[in-house]
Amino acid sequence: MSDGQQTHVIGWGIGLPTQILTNEKLESIVDTSSHWIQSRTGIVERRIASTDESTYSLGLTAAKQALHEAGMLASDVEMIVVATSTGEYGFPAVANQIQHGIEADHAAAFDINTACTGFVSAISVADSLIRSGQHNNVLVVGSETMSRIVDWTDRSTCVLFGDGAGALLLQGSRKQGGILSSVQWSDGSGAPYLYVENINHDVDRRNFIKMDGREVFKFAVRAMTEATIKSATLAGISIPEIDLVIPHQANIRIIEAAARALDMPLDRFVTNVDKYGNTSAASVPIALYEAIIDGRIQSGMKLILVAFGAGLSAGGVAIEWA
Ligand code: UT7
């Protein structure tokens, strides 16, 4: 154990497909209306990967930008953790593909799959690796092409998801602040509410997302509220002291309900679900990236990253931005 080592965010990046799919366009694909989608979810449009884009290529773009932002050479990265459930291959992991793509010749790499909770899980694991002294420079990526696993004939799910990637470069140092706490939990009894069968053909649509939206919604509000309270409490932060929550972007109504339950104003939650829909493990790092770029995150601020997803799973991370 290296004494006093804290994990700090030193670089950030995103990778987004250029193709935009609007609610209006979806009206010509399934029996839906732009009004229903926006009023029930807050989503206006989402990005969809083209045939020459992939979970790997979007993650690679995000990773390269995070390295550039940090001014770090790929050869200095020691570990790459990718959160995804939509890699192109059963194996190798997307993390291995990115390791080769950025030429991080000294890095080990692996994927984590806790669905939409993935980025929070990956941060938590990376933080443990850094604080234990095992690695100092860890690249964490969340990348997804949800469009490849949604059933485009099922209006109850296909309108919700989008594609994208986000990355953070984490580094250990003795500087104060950084990642203060992380919590994760799982409720495997909720597996039937959200799943994809791992079958390598789509003859009977088994490898498409199946979801009981109402059950997931109820879990989501509870999980977001609990994960925020638990990670903040563990970090010694009271709810009113939280400057900004960066939540998983699944549905604006879930975020609004969690804000009410926490008695926090909605303007302390970063939201961009209107532009990207639910990008699963990529949603938290994309939202964090945009908050940084927009100047909403300043040194000394106390942030909570919070997510929930299939599993069912949930988690939260408290960060003091340094
Ligand atoms: O990252 C985790 C992933 N998933 C989630 O976070 C999803 C959590 N759940 C939700 O966000 C919401 O439950 C949904 C957005 C999925 C659905 O919203 P809802 O308010 O719970 O609607 P509902 O499922 O209760 O359906 C209400 C009605 C139904 O019609 P009837 O039975 O009342 O006649 C649906 O058939 O809305 C209908 N409906 C639609 N109508 C137009 C469902 N999807 C659509 C659609 N367009 N796309």
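The paragraphs below set out a description of the structure included in this document. (Residues numbered from 1 in each chain as written. Predicted model: local features only at pLDDT ≥ 70, side-chain atom pairs only at ≥ 80, totals over all residues. Heavy atoms only, no water.)

### What to know about the overall build of the protein
The criterion, for reference: To qualify as a helix, a DSSP run of H or I must reach at least 4 residues; to qualify as a strand, a run of E must reach at least 2; elements of each kind are numbered from the N terminus. All radius of gyration figures rest on C-alpha atoms, and the globule criterion is 2.2 Å times the number of residues raised to 0.38. Burial classes follow relative accessibility: with a 1.4 Å probe on protein chains only, a residue under 20% of its type's maximum area counts as buried, one over 50% as exposed, and anything between as partly exposed. In this analysis, two residues are considered to be in contact whenever any of their non-hydrogen atoms come within 4.5 Å of each other. Working definition of accessibility: Shrake-Rupley area with a 1.4 Å probe, residue cover restricted to the visible protein chains. Asp and Glu are treated as the negative residues and Lys and Arg as the positive ones, with His and the ends of the chain left uncounted. For this purpose, a charge sits on NZ of Lys, CZ of Arg, CG of Asp or CD of Glu.
Looking only at helices and strands, one finds 10 helices and 13 strands in the protein. Over its C-alpha atoms the protein spans a radius of gyration of 18 Å, differing by no more than 12% from the 20 Å that the globule rule assigns to 322 residues. Based on the C-alpha atoms only, the size of the protein along its principal axes is roughly 55 × 45 × 35 Å. A total of 322 residues make up the protein; the buried ones form 56% of that total. Relative to all contacts within the protein whose residues are 6 or more apart in sequence, the contacts with residues 24 or more apart total 76%. Here the protein displays about 13300 Å² of accessible surface, and carbon together with sulfur accounts for 49% of that area. Of the side chains in the protein, 23 bear a positive and 35 a negative charge, and the two mean positions are spaced by 5 Å.

### Quick word on the site of the ligand
Note the cut-off: The nearness test applies per residue and asks whether one of its heavy atoms lies within 4 Å of the molecule or strand. Pairing of N or O atoms within 3.5 Å defines a polar contact, subject to two protein rules: one partner must be a possible hydrogen donor and the other a possible acceptor, and residues neighboring in sequence count only if both atoms are side-chain atoms. Residue ranges assigned to each domain were obtained from an automatic or database domain assignment.
Within the structure, the ligand sits among 22 residues, and T32, R40, R214, H248 and N251 are positioned closest to it. Contact distances for the ligand include 2.7 Å between an oxygen atom and a side-chain N or O atom of R40. Between the ligand and H248, the relevant distance is 2.9 Å, taken from an oxygen atom to a side-chain nitrogen or oxygen of the residue. Looking at the shell around the ligand, the elements with two or more residues in it are α2 (34-41), α6 (155-158), α7 (213-234) and α8 (252-262). Counting residues per element, the shell around the ligand draws most heavily on α7, at four residues. The residue makeup of the shell around the ligand includes at least three contributed by each of domain 1 (6-173) and domain 2 (178-320).

### What about the packing of helix α3 (residues 55-70) against helix α4 (residues 94-101)?
Between two packed helices, what matters for the description is the angle formed by their axes and the separation of those axes. Under the convention used in this document: In this analysis, axes come from line fits to C-alpha atoms, helices being fitted only over the stretch in contact, and the angle between any two N-to-C directions falls in the range 0 to 180 degrees. Between 65 and 115 degrees an angle is taken as roughly perpendicular, under 35 as roughly parallel, over 145 as roughly antiparallel, and anywhere else as oblique. It is the rotation of the near helix from the far one that decides the hand of a crossing: anticlockwise by less than a right angle makes it left-handed, clockwise makes it right-handed. Under this grouping Gly is polar, as are all residues other than the nonpolar Ala, Val, Leu, Ile, Met, Phe, Trp, Tyr, Cys and Pro and the charged Asp, Glu, Lys and Arg.
The contact between α3 and α4 brings their axes to 9 Å, and the two run at 50°. In terms of orientation, α3 lies oblique with respect to α4. Relative to α4, α3 is oriented so that their crossing is right-handed. Taking contact as the criterion, the partners of T55, Y56, G59, L60, A63 and K64 in α3 are, on α4, V94, Q97, I98 and G101. Partitioning the contact of α3 with α4 into residue classes produces five nonpolar, four polar and one charged.

### Thoughts on the sheet that holds strand β8 (residues 178-186)
Test applied: Only when DSSP finds a minimum of two bridges between them are two strands counted as paired.
Reading across from one edge, β8-β13-β12-β11 is the order of the four strands in this open sheet, with mixed pairing throughout. The two strands at the open ends of the sheet, each matched to only one other strand, are β8 and β11 (244-247). Taking each pair of neighbouring strands and ignoring which way they run, the sheet shows an average axis angle of 15°. Note that strand β12 (residues 302-309) and strand β13 (residues 313-320) share eight bridges and pair antiparallel. Note on β13: the bridge partner recorded for A307 is G315. Running over the sheet, helix α5 (residues 118-131) touches β8, β12 and β13 and is turned about 125° from β8.

### Describing the nonpolar core
Condition: Only buried Ala, Val, Leu, Ile, Met, Phe, Trp, Tyr and Cys residues count toward a nonpolar core, and they belong to the same one when joined by side-chain atoms within 4.5 Å.
Counting residues in hydrophobic clusters, the biggest one holds 40 residues, and the most contacted among them are L170 and L303. Those residues in contact with L170 that sit more than four places away from it in its chain are T7, H8, V9, I123, A126, I130, N136, N137, V138, V140 and I179. Counting residues in each nonpolar core, the second largest holds 26 residues, with I239, A250, I254 and A257 among its members.

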